[in-house]
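Fold and contact review
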Amino acid sequence: MQAKNSLRILMLGGTGYIGPHMVSEFLRRGHQVALFNRGRTNEDLFPDLETLLGDRDGGLDVLKGKKWDAVVDNSGYVPRHVADSARLLASAVAHYLYISTISVYASFAVANDEDSPLGTMPDESVEEVTNETYGPMKALCESRARAEIGNDRLTILRPTYICGPGDRTDRYTYWPVRTMRGGEMLWPGTPADPIQIIDVRDLANFVVDCIEKKITGVYNTVTPVGSYTMGDLMNHSVAVTGAAMTPVWVSNTFIADHEFEDAIPIWSSPEGETRNVASVSGDRAFARGLAARPPRETCRDVVSWWKTLPADRQQNMQAGLAADRETQLIAEWHQKKI
């Protein structure tokens, strides 16, 4: 039996990484969920839910003539796709929630809030997602959704690194999993260097809150500025794994000279153009009810989830330093210190 105030929710996506957490939270609270996707990822994850097979690139016909209370768009990366979806659904839903990213901001040489300038592209017709286009394209997606839906029915969430069980990027997962291996382990900068994350379940909770409470507007979803550091991440990784790991903290200069910052996930140099990546204000979201669980809980649950994965997945880490490269860098660091 559905709850008295049950809402009908359409998920654009819903079976990747963040989508299942949102679907599960909607269901836990008694709402009805329909999924729109291509049926290529985890198609057996929610066999009891209505699944509408289609494609955001010209394959939206299955959505025509239907009504929902709200739509959650967590699979929009190409502005044209978002514009098409939002235009079609503008008269079919009362509320449109779009999952964006803090990467939309034009510069991280400054500390950003929701009113900071956004990145732009010289050619807005580009549809290839790269490290350079990802942020500006998501900013354009926001703009396209706003043009079709209007501000009074639109919620835009801008998460930082989304961490937790099920993460296929391994950007956060790398740290506790590498800690499990023990021995000397390379850590960047200093233990005091700030980082920001958002647990995928906290993001999911806030998504459902926004839909239930009709919270509109733009919100950064991040842990509080200054509340989490690389040293905290290291301590949590050691605590939940019980590993005999010896940290080797290498300097920003060493990282820059050896050009491996791109291989270090979550952390960014506290100097230069990226010095404020971990200084994004989440005050507006916290004022509307966003709650961040203790980060050690995230670490513990990620390790528990990782241990359930098949061996071939565990041997295929998607982020972080390769073992031989890390060994080489640690040796060079020790030699430099002599």
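As a starting point, this report considers the structure included with it. All values derive from a computational prediction rather than experimental measurement.

The rules behind the values
- Residues numbered from 1 in each chain as written.
- Predicted model: local features only at pLDDT ≥ 70, side-chain atom pairs only at ≥ 80, totals over all residues.
- Heavy atoms only, no water.
- Pairing = 2+ DSSP bridges.
- Helix = DSSP H or I, 4+ residues; strand = E, 2+ residues; numbered from the N terminus.
- Axes fitted to C-alpha atoms, helices over the stretch in contact; angles between N-to-C directions.
- Contact = heavy atoms within 4.5 Å.
- Core = buried A, V, L, I, M, F, W, Y, C linked by side-chain atoms within 4.5 Å.
- Buried < 20%, exposed > 50% of the residue type's maximum accessible area, 1.4 Å probe, protein only.
- Expected span 1.5 Å × (residues − 1).

**Description of the sheet that holds strand β5 (residues 95–99)**
Across the sheet, seven strands lie side by side as β3-β2-β1-β4-β5-β6-β10; this open sheet has parallel pairing. Each edge of the open sheet carries a strand with a single partner, namely β3 (50–53) and β10 (217–221). The sheet shows a mean angle of 20° between the axes of neighbouring strands, taken without regard to direction. Contacting β1 (8–12), β4 (70–73) and β5, helix α2 (residues 79–89) runs over the sheet at an angle of about 165° to β5. Running over the sheet, helix α3 (residues 134–149) touches β5, β6 (154–159) and β10 and is turned about 170° from β6.

**A short note on the nonpolar core**
With 33 residues, the main nonpolar core has Tyr-172, Trp-175, Trp-187, Met-230, Leu-233, Val-250 and Phe-260 as its most contacted residues. Of all the secondary-structure elements, those providing two or more residues to this core are α4 (174–181), β8 (183–188), α6 (230–241), β11 (245–250), α7 (252–258), α9 (295–306) and α11 (323–337). If you look at the next biggest cluster of nonpolar residues, it comprises 31 residues, including Leu-7, Phe-46, Leu-97 and Tyr-219.

**Considerations on α6**
For α6, spanning 12 residues, the distance from its first C-alpha to its last is 16 Å, which sits close to the expected 16 Å at 1.5 Å a residue. Here α6 has its buried residues at Met-230, Gly-231, Leu-233, Met-234, His-236 and Ser-237. Those residues of α6 that are buried lie in contact with α4, β8, β11 and α9. Once α6 finishes, Gly-242 follows within two positions and takes phi at roughly 65°, a positive value.

**Topic: unusual backbone geometry**
Peptide bonds are, in most cases, trans, and in most cases residues other than glycine have a negative phi. Phi angles above zero are rare outside glycine, and Lys-214 is one such case at about 55°. The topology assignment puts Lys-214 in the loop between α5 (200–213) and β10. Here Lys-214 falls in the exposed class, since its relative accessible area comes to 63%. In this structure, Glu-259 is a non-glycine residue whose phi angle is positive, near 55°.

Everything listed here is a matter of coordinates, which is why it stays silent on function.
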